[in-house]
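Reading the structure
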Amino acid sequence: MTENIISSAVIIGAGIFGVSTAVQLARRGVCVTILNDGPPANGASGRSLSWLNSARMRSEPYHRLRMAGIDRYRTLSARFPDANWLRFDGGLTWDADDERNEIDAAYRYEVSLGYDAQWLPGADVAAVTPGVNASAITSQGAIFNPGEGWVDLPTLIGLLLKEYSRLGGALVTDQGAARAVIEGGRVVGAETAMGGRFPADAVVLATGPAVPRMAAESGQTIGDGTPIALLVQTKPLAHPLRAVLNTPRVAVRPAPGGAFSLDADWAADEGVRRRPDGGFDIDDTVIAALLAEAANVMEGNPKLEVARIGVGGKPIPGDGEPVVGALKAIKGYYVAFSHSGATLGLILGELLAFEVARGDEHPMLATFRPERFAFR
Ligand SMILES: Cc1cc2nc3c(=O)[nH]c(=O)nc-3n(C[C@H](O)[C@H](O)[C@H](O)COP(=O)(O)OP(=O)(O)OC[C@H]3O[C@@H](n4cnc5c(N)ncnc54)[C@H](O)[C@@H]3O)c2cc1C
């Protein structure tokens with residue numbers, strides 16, 4: 001029995017949020033069109049560390065949402081137990097040996113939430129997960145979270161788009177930037193830079209780092225803390241590391257085919273400069289230093305070589321919490337804008353599609369409403 005109050009929707013953006021929401025709407029029988037300004041997954045989702053986790057401290061609603069996110073990946077993983085693009089091989093984290101080391105507090109907090117966590121001295125790490133250079137672990141020890149994992153978002157997006165296409169969903173990728181068309185206080189569809197018009201009952205803005213700017217063009221405020229981020233993918237190598245490592249100077253996660261993805265805020269801050277033409281210059285010495293940091297936390301100090309570098313905005317709302325749901329001042333207009341979009345990708349699409357299709361509010365999104373920024 002259909003509970004839908006709409007029959008058609010346009011999704012602007014083919015990153016994980018846009019595609020996940022689109023496939024969920026298509027499953028509900030809504031006629032959906034995705035508009036993307038390039039190939040799918042060409043934004044943050046194509047250059048993400050994609051560590052699936054709810055580690056450390058955050059608000060309780062956000063923790064619950066992330067755990068539901070991990071739950072959906074577990075279900076997917078049960079369907080694809082041998083996938084090389086979705087693994088639950090755990091996460092290992094440690095902090096620098098200085099006054100900011102919060103391993104003790106983080107461990108206690110995680111245990112208080114029932115988040116699966118083991119606090120280990122470096123010498124005991126090899127017993128729970130392979131491929132780590134134990135001597136790099138600081139004296140305060142490391143936390144191993146066996147329930148964490150990682151996903152390769154481009155592969156997931158491709159898989160979701162196959163189902164979406166089977167369900168009759170349309171994907172438009174060759175018409176430049178799109179924007180919502182608003183008439184009389186409600187959304188009536190979207191149009192592309194090349195003049196394509198796509199009438200719809202609802203529009204979802206899922207353009208990653210571009211969401212706050214595009215919402216502002218319609219007079220809507222969304223706090224923006226988006227930094228420029230850098231993700232380095234190595235060439236494949238034979239190495240036993242399986243867990244996602246979050247260490248003081250680098251995060252390392254396995255990637256399909258034996259590659260590793262590397263991420264560090266300092267490397268983006270020091271090594272990336274935006275050019276006046278909108279492109280980026282990347283400092284080779286910083287990339288070399290990042291590779292050295294990664295090799296240092298991996299067993300045997302392997303020789304790492306760059307295969308690919310991804311640079312661009314990492315979508316982060318101004319207050320750090322997800323921004324999801326209706327832009328209430330404009331009927332039919334919805335947004336999805338968040339960090340941790342890998343962890344949240346499946347659940348956010350599911351909950352947002354629930355809201356868009358039914359015109360209803362899902363209680364798990366109650367604290368993540370966009371209008372919270374209107375009153376600041
Ligand atoms: C370096 C890095 C590390 C990260 N690490 C993690 C992590 O460990 N764990 C985790 O859970 N999350 C992580 N994230 C966050 C996660 O990757 C993002 O939250 C998620 O990918 C955002 O997906 P999205 O769909 O919102 O945006 P995007 O993937 O950016 O997709 C938006 C799409 O919209 C398109 N677009 C933009 N403007 C327009 C327009 N006007 N018209 C048409 N199309 C348009 C873009 O081209 C793009 O394809 C990380 C992100 C980065 C960058």
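Below or above, wherever it landed, is the structure these notes cover. A quick note: this is a predicted structure, and the numbers were derived from the prediction, not measured.

Rules and cut-offs
Residues numbered from 1 in each chain as written. Predicted model: local features only at pLDDT ≥ 70, side-chain atom pairs only at ≥ 80, totals over all residues. Heavy atoms only, no water. Helix = DSSP H or I, 4+ residues; strand = E, 2+ residues; numbered from the N terminus. Rg over C-alpha atoms; globule rule 2.2 N^0.38 Å. Buried < 20%, exposed > 50% of the residue type's maximum accessible area, 1.4 Å probe, protein only. Phe/Tyr/Trp six-rings, centres within 6.5 Å; stacked < 30°, edge-to-face > 60°. Lys NZ or Arg CZ within 6 Å of the ring centre and 35° of its normal. Pairing = 2+ DSSP bridges. Axes fitted to C-alpha atoms, helices over the stretch in contact; angles between N-to-C directions. Near = heavy atom within 4 Å. Polar contact = N/O pair within 3.5 Å; in protein donor to acceptor, adjacent residues only side chain to side chain. Areas by Shrake-Rupley, 256 points an atom, 1.4 Å probe, with all protein chains shown as cover. Nonpolar A, V, L, I, M, F, W, Y, C, P; charged D, E, K, R; others polar.

**Notes on the overall build of the protein**
In terms of helices and strands, the protein carries eight helices and 22 strands. Compactness check: the protein gives a C-alpha radius of gyration of 21 Å against a globular reference of 21 Å for 376 residues, within 12% of the reference. In terms of overall dimensions, the protein has a C-alpha envelope of 65 × 45 × 45 Å along the principal axes. Here the protein holds 376 residues, and the buried ones make up 55% of them.

**Thoughts on the packing of aromatic side chains**
Centre distance and the angle of the planes are the two values used to describe a pair of aromatic rings. In the structure shown here, the tally under the stated rule is three aromatic pairs. For the pair Y62 and F368, a centre-to-centre distance of 6.2 Å together with 70° between the ring planes defines the contact as edge-to-face. Pair noted here: Y62 is in helix α2 (residues 60-79) and F368 is in the segment after α8 (341-358), with a separation of 306 residues, a long-range link. Between Y107 and W119 the ring centres are 5.4 Å apart and the planes differ by 40°, which places this aromatic pair in the tilted class. Taken together, the positions of Y107 in helix α3 (residues 103-112) and W119 in strand β6 (residues 118-120) put the pair twelve residues apart, joining distant regions of the chain. Looking at W119, the relative accessible area reads 34%, which means it is partly exposed. We note R74 situated over the ring of F88; from NZ or CZ to the ring centre the distance is 4.0 Å. The side chain of R249 reaches across the aromatic face of W266, ending 4.0 Å from its centre.

**Focus: the sheet that holds strand β10 (residues 178-183)**
With antiparallel pairing, three strands are arranged side by side in an open sheet as β10-β11-β12. Each edge of the open sheet is held by one strand with a lone partner, namely β10 and β12 (197-199). Shown here is a sheet whose adjacent strand axes are inclined to one another by a mean of 30°, direction ignored. Relative to strand β11 (residues 186-192), β10 runs antiparallel, the two being bridged by six bridges. Within β11, the residue paired with A178 across the bridge is T192.

**A few points about the site of the ligand**
Around the ligand there are 36 residues in total, and D37, N42, S45, S48 and T343 lie nearest to it. One of the backbone nitrogen or oxygen atoms of L49 is found 3.5 Å away from a nitrogen atom of the ligand. Within the backbone of A178, a nitrogen or oxygen atom sits 2.8 Å from a nitrogen atom of the ligand. Relative to its free-state accessible area of 1,000 Å², the ligand is covered by the protein chains to the extent of 96%. When residues of the shell around the ligand are traced back to their parent elements, those giving at least two are α1 (16-27) and α8. In terms of residue count, α8 provides more of the shell around the ligand than any other element does, three residues in total. The residue inventory of the shell around the ligand, partitioned by class, reads 17 nonpolar, 15 polar and four charged.

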